[in-house]
Amino acid sequence: MNLIIPENYDPVLDIRQTQEAIKYIRDTFQHEFGKEMNLTRISAPLLYRKVPD
């Protein structure tokens, strides 16, 4: 996929501000979507130890 930037493009935000804006949008969407769907975010362990019988 090639990135195409128009000739006269002048970004409003710098790289850092863009990253922060994307994080804000992602976090806000996740929070609001979860609230509307009555969901709670949980984290599960990646590894676990098998308990002997």
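Engineer: Which residues make up the overall build of the protein chain, and what values do they have?
Structural biologist: Assigned secondary structure in the protein chain consists of one helix and zero strands. In summary, the protein chain has a C-alpha radius of gyration of 20 Å against a globular reference of 10 Å for 53 residues, an excess of more than 25%. Taken along the three principal axes of its C-alpha coordinates, the protein chain extends 70 × 30 × 20 Å. The buried share of the protein chain, reckoned over its 53 residues, is 2%. Carbon and sulfur atoms form 59% of the exposed surface of the protein chain, whose accessible area is close to 6,300 Å². Distance between charge centres in the protein chain, computed from 7 positive and 8 negative side chains, equals 15 Å.

Engineer: Can you tell me about a nonpolar patch on the surface, naming the residues and giving the values?
Structural biologist: A cluster of nonpolar side chains, namely Phe29, Phe33, Met37 and Leu39, defines an oily patch on the protein surface of about 450 Å² accessible area. Overall, Phe29 belongs to the exposed group, its relative accessible area being 56%.

Engineer: Tell me about unusual backbone geometry, and please be specific about residues and values.
Structural biologist: Of note, the phi angle at Asn38 is positive, near 55 degrees, even though the residue is not glycine. Along the chain, the position of Asn38 falls in the segment after helix H1 (15-36).

Engineer: Residue-level account of the packing of aromatic side chains, with values.
Structural biologist: Evaluation of the coordinates by the stated rule reveals one aromatic pair. Aromatic side chains Phe29 and Phe33 sit 5.6 Å apart centroid to centroid with 10 degrees between the ring planes, which places their arrangement in the stacked category. Residue Phe29 and its partner Phe33 are both found in helix H1; the two are separated by four residues, about one turn of the helix.

Engineer: Lay out the pattern of salt bridges in plain terms, naming residues and giving numbers.
Structural biologist: Across all of its chains, the model carries three salt bridges by this definition. In this structure, the salt-bridge partner of Arg16 is Glu20, at a minimum N-O distance of 3.3 Å. Separated by four residues within a single helix, Arg16 and Glu20 lie in helix H1, roughly one turn from each other. Residue Asp27 is joined to Lys23 by a salt bridge in which the shortest nitrogen-to-oxygen separation is 2.5 Å. Of the two residues, Asp27 and Lys23 both sit in helix H1, four residues apart, roughly one turn of that helix.

Parameters and conventions
Residues numbered from 1 in each chain as written. Predicted model: local features only at pLDDT ≥ 70, side-chain atom pairs only at ≥ 80, totals over all residues. Heavy atoms only, no water. Helix = DSSP H or I, 4+ residues; strand = E, 2+ residues; numbered from the N terminus. Rg over C-alpha atoms; globule rule 2.2 N^0.38 Å. Buried < 20%, exposed > 50% of the residue type's maximum accessible area, 1.4 Å probe, protein only. Areas by Shrake-Rupley, 256 points an atom, 1.4 Å probe, with all protein chains shown as cover. Lys, Arg positive; Asp, Glu negative; His and termini not counted. Charge placed at Lys NZ, Arg CZ, Asp CG, Glu CD. Patch = residues over 30% accessible without salt bridge, like charges linked within 9 Å, V, L, I, M, F, W, Y side chains within 5 Å. Salt bridge = Lys/Arg side-chain N within 4 Å of Asp/Glu carboxyl O. Phe/Tyr/Trp six-rings, centres within 6.5 Å; stacked < 30°, edge-to-face > 60°.

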